[in-house]
Amino acid sequence: MKTGECNRRDFVALAGAGAIAAAAGSAGATAATGEGKALRIVGIACSPRKGMTTARAVRAALDGAASVGARIQTELIDLGGMSIAGWSPEPPKDDMEAILEKLKDPALGGLIIGSPSYFRGISSLCKAFIERCSPLREPTMVLADKPVGVVAVGGFRNGGQELVIEQVQAAMLCFGMVPVGGKAPAFQGATLMSAKDEIAQDELGLDTAKKVGIHVAELALRLMG
Ligand SMILES: Cc1cc2nc3c(=O)[nH]c(=O)nc-3n(C[C@H](O)[C@H](O)[C@H](O)COP(=O)(O)O)c2cc1C
């Protein structure tokens, strides 16, 4: 095949790429000018320690999301210190009720869920939060087709951050959500390492958080128009 020629498969791929680029361009332009309805990107920090490294890492991701355009509004829900029990047949009366209301907002464009790595897995608080999102599946799949990005913080360089991301992504597929990683090279998601309860020194990790936020916000704009 000569340069400049393309077969049908290439054409379809190119047309698709063009459509996506056009959609991205138009969404970007709209977002930049602040036109259109506001989209909310909500971050959930699932460490029992309020305001600590997981909350800060999710905040960094939300800042990345906000940088995408004026239509993006962000909110951090820090579960640290809140009372959220796991699922049970009788829904417990705890802090989850108010959170569920926020997640039912039609303006919700996407989620960013952050968890510390606890023994190479998500925190029990993160698991409880996800279990208690069950009412968002019935009678309608409220979160369906919305992007979700994941932020994982560990105390070690290879402390299970990628396993945490996988666990959250797998769970959120049950809600019909669209798991997204970050912009290259943060393809899987945000992976941060804390040192003495700090993440400020982890520039690479903070960059992955920002890139997850940007990807979630860009996709939310494309999907919700
Ligand atoms: C019970 C427990 C288990 C932990 N297990 C891991 C682990 O497997 N891998 C890791 O990298 N860090 C592990 N850590 C460290 C935390 O992931 C790390 O300190 C994280 O920054 C805590 O988040 P926070 O500051 O938001 O509370 C563990 C901490 C606790 C309390």
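These figures come from a predicted structure and were not determined experimentally.

Draft legend 1. The arrangement of the overall build of the protein in detail. Each helix and strand counted, the protein has six helices and six strands in total. Across the 225 residues of the protein, 44% fall into the buried class. Across the protein, contacts joining residues at least 24 apart in sequence account for 79% of those joining residues at least 6 apart.

Draft legend 2. Spotlight on the site of the ligand. Close to the ligand lie 18 residues, the nearest being Ser47, Met52, Thr54, Gly154 and Gly159. Of all the secondary structure elements, the ones that give two or more residues to the shell around the ligand are helix H2 (53-66) and strand E4 (147-154).

Draft legend 3. Up close: unusual backbone geometry. The amide bond that connects glutamate 138 to the next residue, proline 139, takes the cis arrangement and shows omega of 0 degrees. The residue proline 139 is located in the loop between helix H4 (124-132) and E4 in this model. Between alanine 184 and the following residue, proline 185, the backbone shows a cis peptide bond with an omega angle of 5 degrees. Along the polypeptide, proline 185 turns up in the loop between strand E5 (178-179) and strand E6 (190-193).

Draft legend 4. Region of interest: the pairing of E4. Across the eight residues that make up E4, a large majority, eight, are buried. Bridge count between strand E3 (residues 108-116) and E4: six bridges; the pairing is parallel. Within E4, the residue paired with isoleucine 112 across the bridge is glycine 149. Each parallel crossover has a hand, and for E3 linked through H4 to E4 it is right-handed. As defined by bridge partners, E4 adjoins E5 across two bridges and the pair is classed as parallel. Residue pairing for E5: valine 148 is matched across the bridge by proline 179. Note: E4 against E6, four bridges, orientation parallel. Directly across from glycine 154, in E6, lies its bridge partner methionine 193.

Draft legend 5. Layout of the packing of H2 against helix H6 (residues 203-224). Between H2 and H6, whose axes approach to 6 Å, the crossing angle comes to 45 degrees. The angle between the axes of H2 and H6 places the two elements in the oblique class. Where H2 crosses over H6, the two elements pack in a sense that is right-handed. Residues Ala57, Ala60, Ala61, Leu62, Asp63, Gly64 and Ala65 of H2 touch H6, and the partners they reach there are Leu206, Ala209, Lys210, Lys211, Val212, Gly213, Ile214, Val216 and Ala217.

Draft legend 6. Highlighting the environment of leucine 76. In this fold, leucine 76 is placed in strand E2 (residues 72-78). For leucine 76 and isoleucine 113, which are 37 residues apart along the polypeptide, the C-alpha to C-alpha distance reads 9.9 Å. If sequence neighbours within four positions are ignored, leucine 76 has contacts with Gly43, Ala45, Ala55, Val58, Arg59 and Leu62.

Conventions adopted
Residues numbered from 1 in each chain as written. Predicted model: local features only at pLDDT ≥ 70, side-chain atom pairs only at ≥ 80, totals over all residues. Helix = DSSP H or I, 4+ residues; strand = E, 2+ residues; numbered from the N terminus. Buried ≥ 20, exposed ≤ 12 C-beta atoms within 10 Å, placed from the backbone. Contact = placed C-beta atoms within 7 Å. Near = placed C-beta within 6 Å. Pairing = 2+ DSSP bridges. Right-handed = clockwise from strand over helix to strand, strands pointing away. Axes fitted to C-alpha atoms, helices over the stretch in contact; angles between N-to-C directions. Parallel < 35°, antiparallel > 145°, perpendicular 65-115°, else oblique. Left-handed = near helix turned anticlockwise from the far one by under 90°.

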